[in-house]
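Fold and geometry: a report
Residues per chain are reported as follows:
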Number of protein chains: 2
Amino acid sequence: MSGKIFPTAQDAENAFYQALERCDLDGMMAVWAEDEDIVCVHPAGARLTGQDQVRGSWAKLFAAGPGARLRIEQQVAIGGMMLAVHSVFETFSMPGKAEPQPAPIVATNVYLRTAAGWRMIVHHASPAPAQPPAAARDAAPKILH
Amino acid sequence: MSGKIFPTAQDAENAFYQALERCDLDGMMAVWAEDEDIVCVHPAGARLTGQDQVRGSWAKLFAAGPGARLRIEQQVAIGGMMLAVHSVFETFSMPGKAEPQPAPIVATNVYLRTAAGWRMIVHHASPAPAQPPAAARDAAPKILH
């Protein structure tokens, strides 16, 4: 489907979020493994499996065209030789629009090293509470006295 | 924390869901890797990282004690040498209670092969629409005429 090679899982993730921000369907599908066992869960959506369901869902989501800015942060990454797992927060914002902006999304992304470089095999996204406590362990412990 | 050894990712998953059904906190934490980069997202919950946050969340969830039956199905599994990823539907039911039962949960579970056997490193669960179309690809194609 695409000859694009991603040398690392991070390269695949960067391409995934670039395609998501640009509503670029070909760019999006170039990131996914050509495998019927790929899994995609959009926020509050059904579990989609296989190229047809996954492509169809992105086509629908991208129909409105680009506009939102996307910020990716607080990545937790676990990497193996063949599989890599990234947990991130996705925050969409609409430039020029007043607050409140949409709440963040928490996403689990899994990448597989294939003969054609690293490709996405799982994207599981769900709405996160508005104030994620994810950075709490970086903060100094609270001392009450 | 625990000397329990899971020889495969599936063994770890079986122990995870057994502990979940039984509200067994020690059994649950025996499945998780002893690593500060573990990630747990409960349905509609915040992203939790590290042993303390993860244990605390299960302790709270288990406080009411067992009662619900849990059915795990439609597993999609991708396994590597060091990491394995399972996508499943979790369906809770309350024996003796009339319908409607709770809607299914879709979960992405990631396991890491550690020196102490396979352990969970990511559990990302979110509510799924009541009628998951996940088995659609097994069905014969619809022909309209």
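Residues numbered from 1 in each chain as written. Chains lettered and ligands numbered in written order. Predicted model: local features only at pLDDT ≥ 70, side-chain atom pairs only at ≥ 80, totals over all residues. Heavy atoms only, no water.

Residue and element names in this part refer to chain A. Strand order in the open sheet formed by six strands is E2-E1-E6-E5-E4-E3, with mixed pairing between adjacent strands. Lying at the two open borders of the sheet, with one neighbouring strand each, are strand E2 (47-49) and strand E3 (69-79). Pairwise comparison of adjacent strand axes, ignoring direction, gives a mean angle of 25° for this sheet. Note that E3 and strand E4 (residues 83-93) share nine bridges and pair antiparallel. Bridge pairing in E4 links Ile-72 to Glu-90. Where helix H1 (residues 9-22) meets the sheet, it contacts E3, E4, strand E5 (105-114) and strand E6 (117-127), and its direction lies at approximately 25° from that of E4. (Pairing = 2+ DSSP bridges. Helix = DSSP H or I, 4+ residues; strand = E, 2+ residues; numbered from the N terminus. Axes fitted to C-alpha atoms, helices over the stretch in contact; angles between N-to-C directions. Contact = heavy atoms within 4.5 Å.)

Residue and element names in this part refer to chain B. You can see Met-81 is positioned in the loop between strand E3 (69-79) and strand E4 (83-93). The class of Met-81 is exposed, set by a relative accessible area of 58%. As a C-alpha pair, Met-81 and Leu-112 span 31 residues in sequence and 8.9 Å in three-dimensional space. Not counting the four nearest positions on each side in its chain, Met-81 is found in contact with Arg-113 and Trp-118. (Buried < 20%, exposed > 50% of the residue type's maximum accessible area, 1.4 Å probe, protein only.)

Turning our attention to the confidence of the model for chain A. Residue and element names in this part refer to chain A. Averaged over all residues, the pLDDT of chain A equals 88, while 86% of them reach at least 70. Contacts for the low-pLDDT stretch residues 132-145, under 50 throughout, to residues beyond four places or in other chains number 15 contacts. Confidence estimates for the predicted assembly give a pTM of 0.87 and an ipTM of 0.86. (pLDDT = per-residue confidence, 0-100.)

Take Leu83(A): it is sitting in strand E4. Residues Leu83(A) and His123(A), spaced 40 residues apart in sequence, show a C-alpha to C-alpha distance of 13 Å. Sequence-distant contacts of Leu83(A), defined by excluding residues within four places in its chain, comprise Ile78(A), Val110(A), Tyr111(A), Leu112(A), Trp118(A), Ile121(A), Ile78(B), Gly79(B), Gly80(B), Leu83(B), Ala84(B) and Val85(B).

The subject of this paragraph is the relation of the copies chain B and chain A. The transformation that overlays chain B on chain A combines an axial shift of 0.0 Å with a rotation of 180°, and the residual RMSD is 0.0 Å. Look at the turn and shift together and you get a two-fold axis relating the two. Most of the interface of chain B is mirrored in chain A, where 100% of its interface residues are also at the interface. (Least-squares fit on C-alpha atoms with pLDDT ≥ 70 in both.)

All names here are of chain B. The buried fraction of strand E6 (residues 117-127) amounts to ten of the eleven residues, a majority that puts the element mostly inside the structure. Where strand E1 (residues 39-41) lies against E6, three bridges are found, and the strand directions are parallel. Its bridge partner lying in E6, Val-41 is registered against His-124. Looking at chain direction, strand E5 (residues 105-114) and E6 are connected through ten bridges and run antiparallel. Considered in E6, the bridge of Tyr-111 is made with Met-120. Here E5 folds back onto E6 in antiparallel fashion, the turn holding two residues.

Our focus in this paragraph is helix H1 (residues 9-22) of chain B. All names here are of chain B. Across its 14 residues, H1 extends 20 Å between first and last C-alpha, which sits within 8% of the 20 Å expected from 1.5 Å per residue. Residues of H1 that are buried: Ala-9, Ala-12, Glu-13, Ala-15, Phe-16, Tyr-17, Ala-19 and Leu-20. Of the surrounding elements, those touching the buried residues of H1 are helix H2 (25-31), helix H3 (50-62), E3, E4, E5 and E6. Looking one or two residues past H1, Cys-23 carries a phi angle of roughly 55°, positive in sign. (Expected span 1.5 Å × (residues − 1).)

A few words now on the interface of chain B and chain A. Across the contact, 37 residues belong to chain B and 37 residues belong to chain A. Where chain B abuts chain A, roughly 3,000 Å² becomes buried across the two surfaces, and 63% of that area is made up of carbon and sulfur atoms. Between chain B and chain A we count zero salt bridges in total. In this assembly, chain B and chain A are joined by eight residue pairs in polar contact (both at pLDDT 80 or more). Elements represented by at least two residues in the side of chain B that touches chain A include exactly E1, strand E2 (47-49), E3, E4, E5 and E6 of chain B. (Buried area = accessible area lost by both parts, 1.4 Å probe. Salt bridge = Lys/Arg side-chain N within 4 Å of Asp/Glu carboxyl O. Polar contact = N/O pair within 3.5 Å; in protein donor to acceptor, adjacent residues only side chain to side chain.)

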